[in-house]
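# Analysis of the macromolecular model
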Amino acid sequence: MPTVVLMDVSLSMTRPVSQDGSEEFQRKNLAVHGLNMLFEHMASNYRLEFTALMAFSSLWELLVPFTRDYNALQEALSNLEDYDKTCVESALNGVSNVVQQEWGSACPCQVVLITDGSLGIGKGSLRHSLQTLKQRGDDKKFPLPFPFPTKMFIMCVANAEELQMTGTMDNLEELLRLSGGDGQIFTMEGPLCMQSVQAMFGKLIDRAYSPFHAVLHCGNLSSDVQVFPRPEPVVVDEEVEPMPLTVNTGTLLASNFIVEFGLKETNIHSVIHVSDLEIVGFIEIADISSPPVISRHLVLPIAVNKEVDEVGTGATDELEEEASASQMAGKSPNFCVLLHGSLKVEGMVALVQLGPEWYGMLYSQADSKKKSNLMMSLFEPGPDPLPWLGKISHLGPISEAAENPYGEDDSKSPFPLQPQVKRSYAQNVTVWIKASGLQTDVQKILRNARKLPDKTQTFYKELNRLRKAALAFGFWELLKGVADLLERECTLLPDSAHPDAAFQLSHAAQQLKLASTGDSQYAAFDHNIVPMHTDFSS
């Protein structure tokens, strides 16, 4: 997801920091050093990330629009100028405008706010903005929460004790809460120095910018891949579960048990999330159609150094080694490349399992006529994320089927699966919106009753349809009323009527009266009134 770096260039950032036995630094210099470290890491491990750089004091300025050129970002950092007081609200309005103009309101974005903890003075300060939240009109609303999904990370070039003494921490925590709470406040530990700022930005990298490496398995074949962007944690709300289930890329929390995937710590500012992606089968694109997904990711093959398994920090002296390693990797066989080509040629997708009851699909997506990428889309966690396929665990190879489900000439498909229970909206449901509808159904029963025994099957069909509707609506009086009508029809039968007609009418009237009492034996919804067996013949 794109990142906006919001740099505080107010006068308070120029406060000197005493260094023992060395030249003095300003807090701004420490912040620039930390951002350079972040940009170097992203240039090495997050090359596809779009990043924008903004500076703010009482006003805001877009120094570098969204770009992948990290050299331009670092050059802009070296040319920062100092301005007046801090106004965080103005800067957040600028972030909202810049992101919406470039990405709209649907794309999630990360905001990295770098400040020294001085929130401004008087009107326009963060403290004043938060105190007047409920006193604003619709035309002067506070910019948080943003209209787009946001993760906000606040980097304070100050230690926690200093922020607590000035009351700044409470305001920053309120700011984080207003943004949605999906972020973190980072402070410096120990004295304000280069090592402390490196450690603080290292925590940010671990939290938000660590690469996600996975091992893609398919039978005996496997390949090391990088998934970009990182799969984010997914919260599954279960109606029957009081606590939500969290499916995480690093940790799986479900009810009362925890399953941890492998985490490999390489250095102070690089933690690689390692997971296993297991291909469970292949399916045609036409069968999987266009399924609903929660996220899409680019899958890239990587070459892992088995002797020293470390991730570079983007330092200049390592660029040549990375280039040579990439050239060597391009000459060696790779299962990921084979899979991509196969899916593209065959027009199929691979179903991949990320964790217990969490699936996705791998497929080839073309950017142009000559270029395509291997993509992974993640489904909603659950055993049957795509209803027309049924449960993923119930799918199997065609060779195990008694006959080819696609037919001899691939002219048919076993999907979509037909539900075992008929859908309610696909049934002929009896609805009595007006009195005339109910009157019509009763008259239909009476017409068939006068033609017994010739219309015996039709009579009982209509009778059972009315009975079920009355039971569903709790319309007990209707059952008793129809029973009385049937008894009256029985007394009005002509002498020429078939003897079986009187028996059937009496039997039906008796069954309706029993159902009207609410007795569970006779008022069961699934129970049907069947014709009475007699010895008379037509």
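Residues numbered from 1 in each chain as written. Predicted model: local features only at pLDDT ≥ 70, side-chain atom pairs only at ≥ 80, totals over all residues. Heavy atoms only, no water.

## Brief notes about the overall build of the chain
A count of helices and strands for the chain gives 14 helices and 20 strands. By the burial criterion, 43% of the 538 residues in the chain qualify as buried. For the chain, long-range pairs separated by at least 24 residues make up 70% of all intrachain contacts whose partners lie at least 6 apart in sequence. Of the roughly 29600 Å² that the chain leaves accessible, carbon and sulfur atoms contribute 51%. (Helix = DSSP H or I, 4+ residues; strand = E, 2+ residues; numbered from the N terminus. Buried < 20%, exposed > 50% of the residue type's maximum accessible area, 1.4 Å probe, protein only. Contact = heavy atoms within 4.5 Å. Areas by Shrake-Rupley, 256 points an atom, 1.4 Å probe, with all protein chains shown as cover.)

## Quick notes on the sheet that holds strand S8 (residues 184–188)
Two pairing modes exist for strands in a sheet, parallel and antiparallel, and in both the strands are linked by backbone hydrogen bonds. Across the sheet, 6 strands lie side by side as S5-S4-S1-S6-S7-S8; this open sheet has mixed pairing. Both outer strands of the open sheet, strand S5 (60–67) and S8, are each paired with one neighbouring strand and no more. Sheet twist, expressed as the average angle between the axes of neighbouring strands with direction ignored, equals 15°. Sheet topology note: the strand S1 (residues 3–8)/strand S6 (residues 109–115) ladder contains 5 bridges and is parallel. Bridge pairing in S6 places Val5 opposite Val112. Seen against the sheet, helix H1 (residues 27–45) touches S1, strand S4 (51–56), S6, strand S7 (150–159) and S8 and runs at an angle of roughly 165° to S1. In the packing of helix H7 (residues 194–208) onto the sheet, the strands contacted are S6, S7 and S8, and the crossing angle to S8 comes to about 160°. (Pairing = 2+ DSSP bridges. Axes fitted to C-alpha atoms, helices over the stretch in contact; angles between N-to-C directions.)

## So, the packing of aromatic side chains
Counting across every chain of the model gives 9 aromatic pairs. Ring centres of Trp432 and Phe473 lie 5.7 Å apart, and the angle between their planes is 65°; this geometry places the pair in the edge-to-face category. Of the two residues, Trp432 is situated in the loop between strand S20 (372–378) and helix H11 (435–449) and Phe473 in helix H12 (residues 456–473); the sequence distance between them amounts to 41 residues. Judged by relative accessible area, Trp432 falls into the buried class, the value being 16%. The class of Phe473 is exposed, set by a relative accessible area of 51%. Between Phe459 and Tyr460, the aromatic rings sit 5.1 Å apart at their centres with planes inclined by 80°, giving edge-to-face as the arrangement. You'll find Phe459 and Tyr460 in the same group, each marked buried. (Phe/Tyr/Trp six-rings, centres within 6.5 Å; stacked < 30°, edge-to-face > 60°.)

## Description of the confidence of the model for the chain
In this model, the chain carries an average pLDDT of 81, and 84% of its residues clear a pLDDT of 70 or more. The secondary-structure element of the chain with the lowest mean pLDDT is strand S14 (residues 257–260), recorded at 28, while S4 shows the highest, at 94. Note that pLDDT drops below 50 for residues 242–274; the model gives that stretch 83 contacts with residues more than four away or on any other chain. This model gives residues 306–319 a pLDDT under 50, and the stretch forms 23 contacts once residues within four places in sequence are excluded. (pLDDT = per-residue confidence, 0-100.)

## Here's the deal with unusual backbone geometry
Residue Pro229 is bonded to the preceding Phe228 through a cis peptide linkage, with omega at -10°. Take Pro229: it is sitting in the loop between strand S10 (221–228) and strand S11 (234–236). Cis geometry marks the peptide bond from Leu452 to Pro453, where omega comes out at 0°. By the secondary structure assignment, Pro453 is in the loop between H11 and H12. A positive phi angle is found at Ser289, which is not glycine, with a value near 60°. As for its position among the elements, Ser289 is in the loop between helix H8 (285–288) and strand S17 (295–301). Within the chain, Glu357 stands out as a residue other than glycine whose phi angle is a positive 60°. Here Glu357 is to be found in the loop between strand S18 (348–355) and strand S19 (358–366).

## Let's talk about the packing of H12 against helix H14 (residues 499–516)
For any two helices packed against each other, one specifies the crossing angle of their axes together with the interaxial distance. Contact geometry of H12 with H14 gives a least axis separation of 12 Å together with a crossing angle of 10°. With respect to each other, H12 and H14 are oriented roughly parallel. On the side of H12, the interface is formed by Phe459, Tyr460, Leu463, Arg467 and Leu471, while H14 contributes Gln504, Leu505, His507, Ala508, Leu512 and Ala515. Partitioning the contact of H12 with H14 into residue classes produces 8 nonpolar, 2 polar and 1 charged. (Parallel < 35°, antiparallel > 145°, perpendicular 65-115°, else oblique. Nonpolar A, V, L, I, M, F, W, Y, C, P; charged D, E, K, R; others polar.)

## Brief notes about a negative patch on the surface
On the surface, Glu284, Glu403, Glu408, Asp409 and Asp410 cluster together to form a negatively charged patch. Examined against the element boundaries, Asp409 turns out to sit in the loop between S20 and H11. A relative accessible area of 58% means that Asp409 is categorised as exposed. (Patch = residues over 30% accessible without salt bridge, like charges linked within 9 Å, V, L, I, M, F, W, Y side chains within 5 Å. Salt bridge = Lys/Arg side-chain N within 4 Å of Asp/Glu carboxyl O. Lys, Arg positive; Asp, Glu negative; His and termini not counted. Charge placed at Lys NZ, Arg CZ, Asp CG, Glu CD.)

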